[in-house]
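The chain contents come next:
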Amino acid sequence: MAAGPAPTAGPGNAQFLSKVVLSVSCNNLLDMDVFSKSDPLCVIHMTSSESQWYEVGRTERINNTLDPKFSKTFEIDYFFEVVQKIRFSVYDIDNATYDLEDDDFLGSLECTVGQIVSSRKLTRPLLRRDRKPAGKGTITIVAEEKTDNRVVNFEMAARKLDKKDFFGLSDPFLEIYKQTDTDWQLAHRTEVVMNNLSPTWKPFMVPLQSLCGGDIERRIKVCACFMAPPPPPPFQAEFECINSKKKQKKKGYKNSGVIIIKKCEIVRQYTFLDYIMGGCQLNFTVTIDFTGSNGDPRTPQSLHFIDPQGYNEYLAAIWAVGSVIQDYDSDKMFPAFGFGAQVPPSWQVSHEFPINFNPANPFCAGIEGVVSAYQQCLPQVKLYGPTSFSPIINHVACFAKQAMQQNTASQYFVLLIITDGVITDMDQTRSAIVNASRLPMSIIIIGVGGADFSAMEFLDGDDGMLRSTTGEAAMRDIVQFVPFRQFQRVSRENLQRLLFFCVSSMSSDLVWRCTGRAA
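Predicted, not measured: the structure shown is a model, and the values here were computed from it.

S.K.: Explain the overall build of the chain here, please?
M.R.: A count of helical and extended segments in the chain gives 10 helices and 25 strands. In the chain, which comprises 519 residues, the proportion classed as buried is 49%. In the chain, the share of contacts with a sequence separation of at least 24, taken over all contacts with a separation of at least 6, comes to 72%. If you sum the accessible surface of the chain, you get close to 25300 Å²; carbon and sulfur atoms cover 51% of it.

S.K.: Please clarify how unusual backbone geometry should be interpreted in this entry.
M.R.: A negative phi holds for most residues other than glycine; trans holds for most peptide bonds. Here Pro344 and Pro345 are connected by a cis peptide whose omega angle stands at 5°. Turning to its location among the elements, Pro345 is positioned in the loop between β18 (341-343) and β19 (348-350). With an omega dihedral of 0°, the bond running from Gly385 to Pro386 counts as a cis peptide bond. In this structure, Arg131 takes a positive phi of about 70° despite not being glycine. Of note in this structure, Asn195 is not a glycine but carries a positive phi near 50°.

S.K.: Help me understand the packing of aromatic side chains, please; the structure alone is not making it clear to me.
M.R.: Aromatic ring pairs: the centre-centre distance and the angle between the two ring planes describe each pair. For the structure on display, the rule yields seven aromatic pairs. For the pair Phe290 and Phe353, a centre-to-centre distance of 5.6 Å together with 45° between the ring planes defines the contact as tilted. Linking Phe290 in the loop between β16 (281-289) and α5 (313-325) with Phe353 in strand β20 (residues 353-354), this pair joins segments that are 63 residues apart in sequence. With relative accessibility at 0%, the residue Phe290 sits in the buried group. Ring geometry for Phe339 and Phe389: centres 5.7 Å apart, planes at 80°, overall edge-to-face. Here Phe339 is found in strand β17 (residues 333-339), whereas its partner Phe389 is found in the loop between β22 (382-383) and α7 (390-404), with 50 residues between them in sequence. Overall, Phe339 belongs to the buried group, its relative accessible area being 0%. On the basis of relative accessible area, Phe389 is assigned to the buried category, the value being 0%.

S.K.: Is there a simple way to explain the side chain of Asp39 in this structure?
M.R.: For Asp39, the position within the fold is in the loop between β1 (17-27) and β2 (40-47). Buried charge without a partner: Asp39 forms no salt bridge, and the closest opposite charge is Arg61, 5.1 Å away. Ignoring any residue separated from it by four or fewer positions in sequence, one finds Asp39 in contact with Asp33, Arg61, Ile62, Asn63, Asn64, Tyr91, Asp92, Ile93 and Asp94.

Analysis parameters
Residues numbered from 1 in each chain as written. Predicted model: local features only at pLDDT ≥ 70, side-chain atom pairs only at ≥ 80, totals over all residues. Heavy atoms only, no water. Helix = DSSP H or I, 4+ residues; strand = E, 2+ residues; numbered from the N terminus. Buried < 20%, exposed > 50% of the residue type's maximum accessible area, 1.4 Å probe, protein only. Contact = heavy atoms within 4.5 Å. Areas by Shrake-Rupley, 256 points an atom, 1.4 Å probe, with all protein chains shown as cover. Phe/Tyr/Trp six-rings, centres within 6.5 Å; stacked < 30°, edge-to-face > 60°. Lys, Arg positive; Asp, Glu negative; His and termini not counted. Salt bridge = Lys/Arg side-chain N within 4 Å of Asp/Glu carboxyl O.

Set out below in structure tokens:
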């Protein structure tokens, strides 16, 4: 089996990689043998980061059947922030050679791993090399996540620890270690509780894999440590808080304190992928800035100017994020809106107009439909102003609120706002975001051009939780700002990874909150 390079998971992106097991079956294959039925085998290929196809593996050959159910499965790394192409090719094997060129081709399917995972069970017709149907042949791929998603929730405290500081009380923290074959490996370190010999640490969770490799019978070690100025070196004691030196010197020594585990339970930590495989749909809405600050679209200086290659930053942003998210939308119909333009026939300024000019049906068929609608809309409107985000945020929030009332976690709404950065309704936008933070909704703001994006960074809330003008805090951070020009020189794949990381990281908090309702 040939090995191919997998996409690189950047720092902090490990949580967005999953092991997925694929199983394959076929029905109604072409019968290529004269005196018996075909002897099918399936070969799987994937594309590398350089878009080169490499072989993942092959199933076993099953003799004399047109409806094979292959027993061999394939475990692949699924980066659900990357568009991973995969191809299944079925052959009738009539010899013992490894080369497939002398075997009869029964058909193939090319799709993305995201399509398989979001469907869980994907059935499609097999196609010949000329892209015509291979008879009535079909192929079915079933995806199953293979991972231990359990975590251990801890609540821990201590009582009567040794005093180690000359002035004031000690500053204790805990270190929890995983037992390996040769040593102890640090799995978690708590925060330091200052000046307290009977501390209570904040509740924390440790992945079961990190704690004990998934083996709940494996020993762990808990050390009580102290932030102490050198010398002496920091005191450490094992779980029982026994200081071996002190025990040898002091008669009647009992211990140096007692560690109290107030809570230790193993629970499953639901991931974004769990919800996708469970049927959760991403509802993707595109909103485009048509304000006058973008410049006259007929001139090359305008951010809306489409060059002879059919490129501008707005189109690039739509393609980059849309091509990732569309795999998780079953009907691939995306509402697309514009704001800040004078719209025919009344030529009134609108901050929420469908770019296909159909208010009753603002949906576009796939990302290609969004791009086409944008290209047709651009010469029909007059760029004007001001730049107002709150109307479209409130519009999408209405649908997210309706989804919350369904008592499931089956829908999640992603609003993509592409803008040149100057916002005029900041107070209203802050209130709209705070209200939306309680809903299954995330907002990605992509800044195009070179304007001052400080207002966008403020809405992002990375420097502290966003608050409305009345002081009400957002329940969670639902806004992610991406300055497009900082990333336009990186590969399309890396930009897609960044954008989907934004969606996944923002929505993961909501997944955690919805676990009780959605489980």
